[in-house]
Amino acid sequence: IVLGGALAGCVLGCRVQPTDFNPPDANVLFRDEFNSATLKAGWTLTGEDPTRESLTERPGFMRIVAQDAATTEPSLLLREISGDFVLTTRMVFGPAPDRLLAGLLVQGEDGRMASLGLLHASRAGGTFRGVLALADPGGGAPVDHASARYGSTEVYLRLERRADSFDASYSEDGVTYTPVGTVTTSLSDNVQVGIGIAASENCNSQCDVASPADFDFFEITAVGGAGG
């Protein structure tokens, strides 16, 4: 499964939220609880339709809806960071077959990417529903991936970067995490990280059906630090 579209620049601009979050420990580099009508400074939204994100449709969550099938650009909320890190989010998302992947994303300066999200895909050989980690090595090389079956629409996702390796895991309670696997891709030191939703290339007639992903929080921690 290859997600269509490249990332674009800032559509809405960076909107400032009062800094009212006190990190639980020094390992927390950034966290947004999405509990205000505005975002913290440093976020950018990509996508051709800025109305497809909301902090008010479900209070306490960041709601992101996929773009129409007519565009190949995903709807993503991104911020810049460098070096190694751990990304964590709690997501509520009910994916339909052959349509959408929603979750965490890392985007390199050259367009290469790694992502971890919840997916429901139908194939001739059966149906898969679970979490899927993807890494695009660029240059037309095959996409590296790992997957694990998961049956709920609510999931904690964790993606850890160590150089070119991305360790993916998921959790039901935000405490005990189950490994999905490791994917590899050579990304620049400076990257954009965030949350979002994108349509797969084979989403067919279901691409236009609204299916929002609701994100409870987004956190960046130092490698080896606590997350969730």
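Just so it is clear, the model here is predicted, and its values are computed rather than measured.

Asker: Hey, could you go over the overall build of the chain for me, with residue numbers and the actual values?
Answerer: Along the backbone of the chain there are zero helices and 15 strands. Relative to its full complement of 228 residues, the chain shows a buried share of 51%. Once local pairs closer than 6 in sequence are excluded, the contacts in the chain between residues at least 24 apart make up 64%. Within the structure as shown, the chain displays about 9,700 Å² of accessible surface, and the carbon and sulfur contribution to it stands at 48%.

Asker: Describe the packing of aromatic side chains, listing the residues and the values that go with them.
Answerer: The final tally for this structure, using the stated rule, is six aromatic pairs. Seen from their ring centres, Phe34 and Trp43 are 6.3 Å apart, and the 40° between their planes marks the pair as tilted. The burial state of Phe34 is the same as that of Trp43; both residues are buried. The cationic tip of Arg31 hangs over the ring face of Phe217; the distance from NZ or CZ to the ring centre is 4.2 Å.

Asker: Can you break down the nonpolar core residue by residue, with the values?
Answerer: The biggest cluster of nonpolar side chains holds 45 residues, and the ones touching the most others in it are Phe34 and Phe218. Formed by five residues, the second largest nonpolar core is a distinct cluster that contains Leu101, Ala121, Leu132 and Leu134.

Scoring rules and cut-offs
Residues numbered from 1 in each chain as written. Predicted model: local features only at pLDDT ≥ 70, side-chain atom pairs only at ≥ 80, totals over all residues. Heavy atoms only, no water. Helix = DSSP H or I, 4+ residues; strand = E, 2+ residues; numbered from the N terminus. Buried < 20%, exposed > 50% of the residue type's maximum accessible area, 1.4 Å probe, protein only. Contact = heavy atoms within 4.5 Å. Areas by Shrake-Rupley, 256 points an atom, 1.4 Å probe, with all protein chains shown as cover. Phe/Tyr/Trp six-rings, centres within 6.5 Å; stacked < 30°, edge-to-face > 60°. Lys NZ or Arg CZ within 6 Å of the ring centre and 35° of its normal. Core = buried A, V, L, I, M, F, W, Y, C linked by side-chain atoms within 4.5 Å.

Purely geometric stuff here, so don't read any function into it on its own.
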